[in-house]
Amino acid sequence: MLQTITDLFWLEELWLPPTIKWSDLEDHDGLVFVKPSHLYITIPCAFLLLIIRYLFERFIATPLAKTLGINKEVPKKIQHNPVLENFFIRSTRHPSQDDLYGLAKKCNQGVQQIEIWFKRRRNQEKPCRLKKFQEACWRFTFYLFLTIAGIGFLYDKPWLYDLWEVWNGYPKQPLLPSQYWYYILEMSFYWSLLFSLGSDVKRKDFLAHVIHHLAALSLMSFSWCTNYIRSGTLVMLVHDVADIWLESAKLFSYAGWKQTCNTLFLIFAAVFFITRLIIFPFWILYCTLILPLHYLKPFFSYIFLNMQLLILQVLHLYWGYYVLKMLRKFVIKKELEDERSDGEEESAEEDEPECLKNGRGTGSNPVPNGQPGH
């Protein structure tokens, strides 16, 4: 049964152009061709990256943050209340007005006091700037590394300058060591991002991140198995180059360097729109949708590949919408705010009764919003 499913999954008619067999992609005469089994190593490499990330954040990102004046923020303690704590954990973090009245009656306190307690309790679970800085520092470093590696791998390849070369000889194109390592590094990094989503700072576009990482991994895996390596390396380079500017803008935002952050964000926005909304649809999609038709007739993997790329383009438009919203705010207010931010709570100190200020239930300081995330 399992063998039958495997045979059906790897049908040559699904993966390869007509007349091409898997036997045509066997290694020969010193030439190495892609194999699905090559990708198994990306999983252990992803866990290795998680270990490296932990060490990086602890011994490099944290000292750098402290140098820039970013320290771990410890929320001020609130009065322990078993009734409210039980409701917070088991029911909801955002009680309705009826819930507030009921809890106020149980605790013999005012409704406003109960509301302030919940605001402060939510603030206790908000990620501090140090954690955000650590994550952004790691992503910035690795995106920079991937971009430099991608340029180093591709600068002397003819298909970087002539898109017709992407399909010259397809699919009988041998695998180069640089292509192998570029794919392994990129896929391992995306696996590690996917594995760490549960512990990373959660933002409003959490689901979009999950879809993006899964789509990216699916696209890279599929392009590897069908030997779309040349177009795949172009897609990866186009995506990585914008993320460097985004993460650097976030780093300076958390450090309080607003002017530098704003400048880097404007550079990011320009690079984003050029790479994701101009180069990707009019260069990459043209290369994968139109040019192959001059060499071969449409087949399943050709259609499936382009469906995934179109999904990626929809995500580009989704994030482009948020970038435009932030640019609009910047033009109007001369300041940037992350539309996808995790939505830190407003300070409870501004409107709380005097009896709670500096007393038995002092609230935590609000964490300032970060800059736009990836």
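Cut-offs and rules
Residues numbered from 1 in each chain as written. Predicted model: local features only at pLDDT ≥ 70, side-chain atom pairs only at ≥ 80, totals over all residues. Heavy atoms only, no water. Salt bridge = Lys/Arg side-chain N within 4 Å of Asp/Glu carboxyl O. Helix = DSSP H or I, 4+ residues; strand = E, 2+ residues; numbered from the N terminus. Buried < 20%, exposed > 50% of the residue type's maximum accessible area, 1.4 Å probe, protein only. Phe/Tyr/Trp six-rings, centres within 6.5 Å; stacked < 30°, edge-to-face > 60°.

Chemist: Please explain the pattern of salt bridges as it appears in this structure.
Modeler: Between side chains of opposite charge, a pair can form as their charged atoms come close. Applying the stated criterion to the full structure yields ten salt bridges. For R53, the salt bridge goes to D200, with nearest N and O atoms at 2.8 Å. Here the residue R53 occupies a position in helix α3 (residues 42-67), and D200 occupies one in the loop between α8 (177-195) and α9 (206-225), the gap between them amounting to 147 residues. Residue class for R53 comes out buried when judged on its relative accessible area of 8%. The residue E247 makes a salt bridge to R139 at a minimum N-O spacing of 3.2 Å.

Chemist: Help me understand the packing of aromatic side chains, please; the structure alone is not making it clear to me.
Modeler: Two measures describe an aromatic ring pair: the distance that separates the ring centres and the angle between the ring planes. Per the counting criterion, the structure on display carries 34 aromatic pairs. Centre to centre, the rings of F142 and F189 are 4.6 Å apart; their planes meet at 15°, and the pair counts as stacked. Pair noted here: F142 is in helix α7 (residues 129-154) and F189 is in helix α8, with a separation of 47 residues, a long-range link. Neither F142 nor F189 differs from the other in exposure class; each is buried. Site record: aromatic cluster; members linked through ring pairs are F9, W10, W15, W22, W167, Y170, F222, Y228, F300 and F304.

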